[in-house]
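Chain residues, written in single-letter form:
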Amino acid sequence: MVEVWQTYMACSFILTAVGLYTIISMRNMIRTIIGIEIITIAVNLNFLALGSRNGFVDSLAQSIVFISTVIGAAVAAIALSLIINVYRHYGTLDLKKLRRLRW
Amino acid sequence: MDMPLVLQPIAILLIAAALTPLISILGEKIKFNKLKDLFAILAFTSAFYALILLYFRIEDYGVQSFILDNYLPIKGGVEIYADSLSLFLSFIFCGIGLLASIYSVKYMEIDTGLDRYYTLLLILVAGMIGVAFSGDFFNLYVFWEMMCIASYTLVSFRKYRWEPVEAGFKYLVMSTLGSLIALYGISLLYGLTGTVNFKGMREALISTAGSQIPLYIILSAIIVGFGVTASIVPFHTWLPDAHPAAPSSISAMLSGVVIKTGVYAIARSLFTLFNPVNFDYGLALMIFGVLTITVANFMALMQRDIKRLLAYSSIVNIGYIISGIGIGSYILFKYYSIYPSTSLSAAVFAIMGALFHLFNHAVGKGMLFLCSGCFTHEAATRDILSLEGIGRKMPWTGGAFSIGLLTLAGVPPLSGFWSKLFIILAAFSFPQNSFMKAIGVIIVLNSIFAAAYYLWLLQRIMIKTPKIKASEASIFMVAPIIVLAIICVIIGLMPNLIINLAEKAAKAMLGGW
C-alpha cells in the first residue's frame with residue numbers, strides 16, 4: 001500500500017520535473033524565476049514528506065522548510081530586481097537577446 | 001551573559017553589517033564619509049582577532065561547539081562547531097575579507113551606495129565563516145544562502161552597466177539551482193537518518209544496513225549541488241562571466257574564497273558522512289578534478305580579457321584542490337584494507353597538499369585580482385594587449401603581480417610550488433596503481449601548460465614596452481597587495497608555517513572514522 005509520504009514524494013518529484021522543464025524550455029526571465037521557485041517548493045515538500053512520522057511532521061523539518069521558504073523569497077526578490085535592471089538595459093526579458101548569456 | 005567564543009567571529013560580522021548603514025548616516029552627519037569604510041575594517045580586524053583567540057582555545061581544549069541545549073532534538077540538534085579545518089578556512093576567509101575592505105577604501109570611491117556594499121561584504125564573510133563553523137546541514141544551508149545572496153548582489157553591484165546585471169542573473173540562476181540540488185540530497189539524507197546533525201547522521205548511516213545506491217544518489221547530489229559554487233567543470237560557466245563583471249575587490253573575494261566554500265562543503269559533507277574506506281567518491285572527484293584542470297587551461301589560453309583569464313585560472317586551481325582531495329579518498333578506498341597506516345599517511349599527505357594549495361590560491365589569486373583592479377583602475381581597460389607593459393609604470397603592483405603569477409605557475413621556491421608538488425607526489429605514492437599515475441601525469445602536464453600562459457601574461461604585463469599612461473595606485477590599494485605578496489614569499493621560503501596548520505586540518509577532515 002502506498003503511504004501518504006510516498007505520495008507527497010512523488011508530487012515533489014513531478015514538481016521538480018515541471019520546474020526544470022520551465023527553466024529549460026522558456027526564454028522569458030520571469031518564467032525562469034518561476035521555474036526556480038517551483039523547484040524550491042518541490043524540495044520543501046520533499047522535506048515535509050520525509051519528516052512525517054505517524055501523521056505528524058517533525059519540528060526540525062518544519063523549521064528547515066520555513067527558513068527555506070524565506071530564503072526562496074529573498075532569492076526571488078533579488079532575481080526580480082536584476083530583471084528590472086536587465087529590462088532597463090535591453091528593453092526585453094528574452095534570454096536569447098541578451099548579449100553574453102550562454103547557458 | 002558572555003557569548004561563547006565560537007559564536008563571536010560570526011556575531012561580530014553580522015552585528016557590524018547591521019550597524020553599517022547607521023554608521024554611514026553618522027559619517028555623513030559629521031562630514032567624514034570614510035567612517036563606514038573604517039568601521040568595516042575594524043569589524044574584520046575584530047573578527048580576525050576573535051578567530052585567533054578561538055585558535056588558542058582549540059589548541060588548549062580541543063574542538064569547540066555550541067548547541068542551544070533547551071531546544072535539543074532527540075537525534076542531535078543544530079550546532080555551531082569549530083575544529084582545525086573550520087578554523088584554517090575561516091582565517092583565509094576573514095583575512096582576505098579584511099584586505100578586500102582596505103582595498104575598497106580607494107577602489108570603490110567612484111561608486112555610490114557604499115553602506116550597502118560594506119554591509120554585503122560583511123554578510124558575505126559572516127556567511128562563509130558560518131559555513132565553515134556548521135556542525136549540521138541546517139546551519140550550513142542557512143549560512144550558505146546568506147553567502148550566496150550577498151555574492152549575487154555584490155557581483156551586480158554596478159547595476160548601471162549591462163555586464164554585471166547579466167552576469168549576476170546567470171550566477172543567481174545557476175547557483176540557486178545548485179543549492180536546491182544539494183538541498184534535495186540533504187532532504188533524502190534527513191529521510192534516511194531522521195536528523196540533520198553531521199554526527200547524528202554519521203551514526204545513523206553506520207547502523208543503516210541495505211543498498212548503497214540511495215547513498216550514492218545523495219553523494220552525487222552533494223557533489224553537483226555544491227560543485228556549482230566550487231565551479232567544477234561542467235558546472236563552471238557562471239564563473240568566467242561573474243568574476244570580470246564584479247568590482248575587483250569582490251572578484252578577489254569570489255575567486256580567492258567564495259569558490260573554496262563550495263570545495264569545503266563537498267569535502268566536509270563527504271568525509272564526515274561517508275566513510276572514504278567504504279565509498280568510492282575519490283574516483284569521481286579525481287575525474288572531475290583533472291577534467292576541470294584540462295578544460296579550464298584550454299579556455300584560459302583563448303582569453304584576451306585579463307580578469308577572464310584569471311577567472312579561468314581559478315577554475316584550474318579548483319581542479320588541483322579537488323584532485324588532491326580525490327586522491328586522498330581514493331587511496332583510502334583502495335588501500336586502507338591492505339596497508340592501513342601507509343595509506344592513511346598518504347591520504348593525509350594528499351589532502352594536506354590540497355588544503356595548502358587552497359591557501360596558496362586564495363592568497364595568490366586574491367592578490368592577482370586586486371592587482372588587475374589597480375591596472376584597470378589606472379588604465380580603464382581589461383584587454384591584455386592594451387595593458388602591455390603597465391607593470392613597468394606601476395612597479396609595486398607589477399612586482400606583486402609577477403610574484404602572484406609565479407606562485408600560481410608553481411615556480412620554486414614560491415608557495416604554489418610546494419602544494420602542487422605534494423598533490424603530484426601523492427598521486428605517485430602507490431606506483432602499482434596505473435590510474436593514479438595517469439592522473440599524476442595529467443596534473444604535471446597541465447601544470448607545465450598553465451605555467452606557459454602565466455609566463456606569457458607576465459611577459460606582456462612586465463616586459464613589453466608600455467603603451468598607455470599610468471601611475472602607481474593609491475597606498476590603500478597597493479598595501480593589501482604588498483601584504484599578500486609578502487605572505488606568498490614567506491610561505492614559499494618557510495612552508496612549515498602553513499603545512500602544520502594544513503596537516504591538522506587534513507587530520508580533522510579525516511577524523512571521526
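Since the model is a prediction, treat every value here as computed from it, not as a measurement. The numbering scheme is per chain: residues are counted from 1 as the chain's sequence reads. Key to labels: chains lettered from A, ligands numbered from 1, both in the order written. Selection of residues for local features in this predicted model requires a pLDDT of at least 70, selection of side-chain atom pairs for listing and counting requires 80 or more, and totals for whole chains, interfaces and linings are taken over all residues. For the side-chain quantities, the full set of heavy atoms in the structure was used; hydrogens and water were omitted.

K.L.:
Describe helix H6 (residues 162-193) of chain B, naming the residues involved and giving the relevant values.
P.N.:
Residue and element names in this part refer to chain B. The terminal C-alpha atoms of H6 lie 46 Å apart, and with 32 residues this matches the ideal 46 Å at 1.5 Å per residue to within 8%. Within H6, 27 of the 32 residues are buried, leaving the element largely enclosed by the surrounding structure. Numbering of helices and strands runs from the N terminus, with a helix taken as a DSSP run of H or I at least four residues long and a strand as a DSSP run of E at least two residues long. Phi turns positive one or two residues past the end of H6, at Gly194, with a value near 80°. In a helix, the anticipated span is given by 1.5 Å times the number of residues less one. With a 1.4 Å probe rolled over the protein chains alone, any residue whose accessible area is under 20% of its type maximum counts as buried; one over 50% counts as exposed, and the rest are partly exposed.

K.L.:
I'd love a proper account of the interface of chain A and chain B, names of residues and values included.
P.N.:
In what follows, residue pairs with any heavy atoms lying within 4.5 Å of each other are defined as contacts. In this complex, chain A contributes 42 residues to the contact, which on the side of chain B involves 37 residues. Overall, the association of chain A and chain B removes approximately 3,600 Å² of surface from exposure, summing both partners, and the carbon and sulfur fraction of that is 76%. Within the residue set of the side of chain A that touches chain B, elements represented by two or more residues are helix H1 (4-25), helix H2 (29-50) and helix H3 (59-90) of chain A. For the side of chain A that touches chain B, the class distribution of residues is 27 nonpolar, ten polar and five charged. Put simply, buried area is how much 1.4 Å-probe accessible surface two parts lose in total, over both of them, once they are put together. Just so you know the grouping, Ala, Val, Leu, Ile, Met, Phe, Trp, Tyr, Cys and Pro go in nonpolar, Asp, Glu, Lys and Arg go in charged, and all remaining residues, Gly too, go in polar.

K.L.:
Let's hear about the pattern of salt bridges: which residues, and what values?
P.N.:
Residues and elements named next belong to chain B. One speaks of a salt bridge when a side-chain nitrogen belonging to Lys or Arg is within 4 Å of a carboxyl oxygen belonging to Asp or Glu. Summed over all chains, the structure comprises 14 salt bridges over all chains. Close ionic contact of Lys34 with Glu109 constitutes a salt bridge, the shortest N to O distance being 3.4 Å. Of this pair, Lys34 sits in the loop between helix H1 (8-29) and helix H2 (35-61) while Glu109 sits in the loop between helix H3 (84-107) and helix H4 (114-132), and the two are 75 residues apart along the sequence. Classification of Glu109 as partly exposed rests on a relative accessible area of 40%. With a shortest N-O distance of 2.7 Å, Lys170 and Asp241 are connected by a salt bridge. Of this pair, Lys170 sits in helix H6 while Asp241 sits in helix H9 (residues 239-245), and the two are 71 residues apart along the sequence. For Lys170, a relative accessible area of 2% translates into the label buried. Under the relative-accessibility criterion, Asp241 is labelled buried at 6%.

K.L.:
If you had to explain the packing of aromatic side chains to someone new, which residues and values would you point to?
P.N.:
All names here are of chain B. Any two of the Phe, Tyr and Trp rings considered here, Trp counted by its six-membered ring, make a pair once their centres fall within 6.5 Å; the pair's planes then place it as stacked at under 30 degrees, edge-to-face at over 60, or tilted in between. Inspection of every chain in the model, using the stated rule, returns 26 aromatic pairs over all chains. Relative to Tyr171, the ring of Tyr152 has its centre 5.2 Å away and its plane inclined at 85°; by these criteria the two rings are edge-to-face. Highlighted residues: Tyr152 in helix H5 (residues 137-155) and Tyr171 in helix H6, separated in sequence by 19 residues. Each member of the pair, Tyr152 as well as Tyr171, is classed as buried. Relative to Trp418, the ring of Phe417 lies with its centre 5.1 Å away and its plane at 70°, an arrangement referred to as edge-to-face. Among the aromatic side chains, those forming a connected cluster through ring pairs are Phe48, Tyr55, Phe56 and Phe91.

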